[in-house]
Amino acid sequence: MTDQTPPRRYGFESFDCAPALRLEAHERVSRLQVEALNDRLARLEVVIERLERRLWLTVYGVVAVILAEAFQSFLGKLP
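Residues numbered from 1 in each chain as written. Predicted model: local features only at pLDDT ≥ 70, side-chain atom pairs only at ≥ 80, totals over all residues. Heavy atoms only, no water.

Remarks on the UniProt feature "transmembrane region" (unreviewed entry) in the chain
- The UniProt record annotates "transmembrane region" (unreviewed entry) at residues 55-75.
- Across residues 55-75 one finds 100% helix and 0% strand; the C-alpha atoms that close the span lie 30 Å apart. (UniProt positions renumbered as here; feature names shortened; annotations may be inferred. Helix = DSSP H or I, 4+ residues; strand = E, 2+ residues; numbered from the N terminus.)

Put into structure tokens, the structure is as follows:
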């Protein structure tokens, strides 16, 4: 007999004990929570990148308007 499985006892089924099941359930819940947190973090990073892009576009727009007004006033003072 090369089979290394333990012999089955008559009248008894193999079972998982309650603490082990609770621990496995807790590990699954924790893993799901971490995955959800990572997903939420990834979505927040995308939103922050979009917001940053809009902010820089606004800054460049304001600078362009200021430079255009300065250039216009400079052209107005020329003879």
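Here the narrative resumes, following the displayed structure.
Brief notes about the pattern of salt bridges
- Tallied over the full model, the rule gives one salt bridge.
- We note a salt bridge from D39 to R43, for which the minimum N-O separation is 3.6 Å. Of this pair, D39 and R43 are both found in helix α1 (residues 18-77), four residues apart, which corresponds to roughly one turn of the helix. (Salt bridge = Lys/Arg side-chain N within 4 Å of Asp/Glu carboxyl O.)

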